[in-house]
Amino acid sequence: MRMTLSTPLRSLGLGLGLLLWAAPALAGKVEDDVQAALTAINDGDFEQARVLLDQAEANAATSSSVVLSQSLASISFYRGVLEYYDGDRDKKTLELWRLALLADLEYAFDTTLVADQEPQDLFEALRLEVGARTHVEPGVREDRPNVKVFVDGRLLNQFELVVEGRHLVQVHCPDAKLYNEWYTFGEAPNYYALCEGGTLGGGAVADAGGGKGGKGGKKPDEGKEPKEPKEPKEPRPERDVNMTRVAIMGAGGALFLGGAVLNFAAVNPTYAEIEAVRAAPATMNRAEADALSAQFNLLRFSTMGLLGVGAAGLGVGYFVTDDTALLVSPAGVGLTGRF
């Protein structure tokens, strides 16, 4: 598997994808379900919102039009909001918000749903974490220009990369049908199997109209003479992974996220406890109050240290080039080379 941490060039694919597909997609069932779920959340009907979001995800797998990344990200973001208010905000909310950013790394935090600053900061930390994940080769074939591949609503080109994780893959095949499947990227799948009655992971596929593998469950080429095999193409040169950048950005992202989580899970509750004691001083003696203050200061400075070092690591890693390497010496560990 060829991997790199270069930022994917999405602008051309996004522009062409929106030009060709935005009009039908905007009127899709997924978008309607997502909008209805948002209305239910604002009305305080969380159970109905969950039903609508489940329905939106199911409709995405059978949509006859390309589903926009904004809508896919909203499904996971709104689920995270529901967990924040009525569930596991320390773990499940983070998992769901990661999925939202996988679908759309530029997704904006909705402050009308969650106004507190801490979850907003945490969401931005998750954005850095997801953006620093490994990106993999797209796996789009040059010899199949009549097959269009969309990942999370964006037209996938040969020069683009895909962030590792779960994405919605939609393939527009020569039979003019759109085949959809959720797929977790490590290596790129064989998208063209969907046009031949299979799935990205093997087996039969359901098309947008509910059929299997084209008309009547038959493969599009069934009954035709087999085509002559094409000459094998020369393999592309391998892309080397800049391990220095991977190490620095990975460590920086982990430290930054750790600081954000520590602030969210420990600093804020401790501060709230201090405020409660200030409001009712008789509930705690002087020694206990001093211990609580010391604990708060320790947690606060630890959080600031993790956020600062993590941000510095991400910043340094961004400017690391292939001519830069880690230098280990008796005096410590540093960088040598060109930035």
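For the structure itself, consult the block above.
Residue numbers restart at each chain and count upward from 1, following the sequence in its written direction. Side-chain atom pairs in this predicted model are given and counted only at pLDDT of 80 or more, local residue features only at pLDDT of at least 70, and totals for whole chains, interfaces and linings cover all residues. Here the side-chain values reflect all heavy atoms present in the structure, with hydrogen atoms and water set aside.

1. Brief notes about the environment of Leu-128
Each helix corresponds to a stretch of at least 4 residues labelled H or I by DSSP, and each strand to a stretch of at least 2 residues labelled E; elements are numbered beginning at the N terminus. Here Leu-128 shows up in helix H6 (residues 117-131). Exposed residues in this analysis have more than 50% of their type's maximum accessible area, buried residues have under 20%, and partly exposed residues fall in between, with area computed by a 1.4 Å probe over protein chains only. For Leu-128, a relative accessible area of 40% corresponds to the partly exposed category. Each C-alpha atom, one on Leu-128 and one on Gly-253, is 6.7 Å from the other, the two residues being 125 residues apart in sequence.

2. A closer look at the state of the cysteines
In what follows, a disulfide is any cysteine sulfur pair within 2.5 Å. Here the structure, examined in full by the defined rule, presents one disulfide. In this model, Cys-173 is linked to Cys-195 through a disulfide, with the two sulfur atoms separated by 1.9 Å. Measuring handedness by torsion sign, the sulfur bridge of Cys-173 and Cys-195 sits at about -85° and is left-handed. Pair noted here: Cys-173 is in the loop between strand E6 (165-172) and strand E7 (178-185) and Cys-195 is in the loop between E7 and helix H7 (243-279), with a separation of 22 residues, a long-range link.

3. Overview of the pairing of E6
E6 sits mainly inside the fold: six of its eight residues count as buried. Strands are treated as partners if at least two bridges between them are detected by DSSP. The pairing of strand E3 (residues 148-151) with E6 spans four bridges and is classified as antiparallel. When the sheet's bridge partners are listed, Val-151 is paired in E6 with Val-169. Sheet topology note: the E6/E7 ladder contains eight bridges and is antiparallel. Bridging from a neighbouring strand, Val-171 pairs with Tyr-179 of E7. Between the antiparallel neighbours E6 and E7 lie five residues, among them Ala-176 with a positive phi of about 70°.

4. Some points on the packing of helix H4 (residues 69-86) against helix H5 (residues 92-103)
Orientation of H4 relative to H5, taken along the N-to-C sense of each, is 170°, at an axis distance of 8 Å. Considering their axes alone, H4 and H5 lie roughly antiparallel with respect to each other. Where H4 abuts H5, its residues Ser-69, Leu-72, Ala-73, Ser-76, Phe-77, Arg-79, Gly-80, Val-81, Glu-83 and Tyr-84 lie against Lys-92, Thr-93, Leu-96, Trp-97, Leu-99, Ala-100 and Ala-103. Side-chain classes are defined by residue name, with Ala, Val, Leu, Ile, Met, Phe, Trp, Tyr, Cys and Pro counting as nonpolar, Asp, Glu, Lys and Arg as charged, and the others, Gly among them, as polar. Here the contact of H4 with H5 is composed, by residue class, of 10 nonpolar, four polar and three charged. Fitted lines through C-alpha atoms serve as axes, helices being fitted only where they are in contact, and the angles separating the N-to-C directions of these axes extend from 0 to 180 degrees. Each angle is binned into one of four classes, with values under 35 degrees roughly parallel, values over 145 roughly antiparallel, values of 65 to 115 roughly perpendicular, and all other values oblique. Working rule for contacts: check all heavy atoms of both residues, and any pair within 4.5 Å makes them a contact.

5. Here's the deal with the nonpolar core
What we call a nonpolar core is a set of buried Ala, Val, Leu, Ile, Met, Phe, Trp, Tyr and Cys residues that are connected through their side-chain atoms within 4.5 Å. Counting residues in each nonpolar core, the largest one holds 42 residues, and the members touching the most others are Val-30, Ile-41, Phe-77, Tyr-78, Trp-97, Leu-113 and Phe-123. The set of elements that each furnish at least two residues to this core consists of helix H2 (29-42), helix H3 (46-60), H4, H5, H6 and H7. For this core, the element with the highest residue contribution is H4, accounting for eight residues. Leaving out residues up to four positions away in the same chain, Phe-123 has contacts with Phe-77, Trp-97, Leu-101, Tyr-107 and Phe-109. Counting residues in each nonpolar core, the second largest holds 18 residues, with Val-149, Leu-156, Val-169 and Tyr-179 among its members.

6. Side note on the packing of aromatic side chains
Each Phe, Tyr or Trp ring (for Trp, its six-membered ring) is paired with any other whose centre lies within 6.5 Å, and the angle between the two planes then decides the class: stacked below 30 degrees, edge-to-face above 60, tilted in between. Applying the stated criterion across every chain yields a total of 11 aromatic pairs. Centroid distance Phe-109 to Phe-123: 5.3 Å. Interplanar angle 65°. Geometry classified as edge-to-face. Separated by 14 residues along the polypeptide, Phe-109 in the loop between H5 and H6 and Phe-123 in helix H6 bring together distant segments of the chain. The pair Phe-109 / Phe-123 is uniform in exposure class, with both members buried. Taken together, the ring pairs in this structure connect Phe-77, Tyr-78, Trp-97, Tyr-107, Phe-109 and Phe-123 into an aromatic cluster. For a Lys NZ or an Arg CZ to count as sitting over a ring, it must be within 6 Å of the ring centre and within 35 degrees of the ring normal. Lying over the aromatic face of Tyr-84, Arg-89 brings its terminal NZ or CZ to 3.8 Å of the ring centre. It is Arg-141 that lies over the ring of Tyr-192; its NZ or CZ is 4.9 Å from the centre.

7. Looking at the sheet that holds E3
Here four strands make up an open sheet; going across it, the order is E4-E3-E6-E7 and the pairing antiparallel. Whereas interior strands pair on both sides, the edge strands pair on one side only; in this sheet they are strand E4 (154-155) and E7. Pairing of E3 with E4, which is carried by two bridges, proceeds in the antiparallel orientation. Considered in E4, the bridge of Val-151 is made with Arg-154. Set on the sheet, H5 makes contact with E4 and E6; between it and E6 the angle comes to about 35°.

8. Some remarks on the side chain of Ser-76
Tracing the sequence through the fold places Ser-76 in helix H4. Other than its neighbours up to four places away in sequence, Ser-76 contacts Leu-96, Trp-97, Leu-99 and Ala-100.

9. Structural notes on the pattern of salt bridges
Any Lys or Arg side-chain nitrogen found within 4 Å of a carboxyl oxygen on Asp or Glu counts as a salt bridge. Across all of its chains, the model carries nine salt bridges by this definition. We note a salt bridge from Glu-129 to Arg-98, for which the minimum N-O separation is 2.9 Å. Taken together, the residues Glu-129 in helix H6 and Arg-98 in helix H5 connect sequence positions 31 residues apart. For Asp-143, the salt bridge is made with Arg-141, and the minimal N-O distance between the two is 3.1 Å. Relative accessible area serves as the criterion here: at 28%, Asp-143 is assigned to the partly exposed category.

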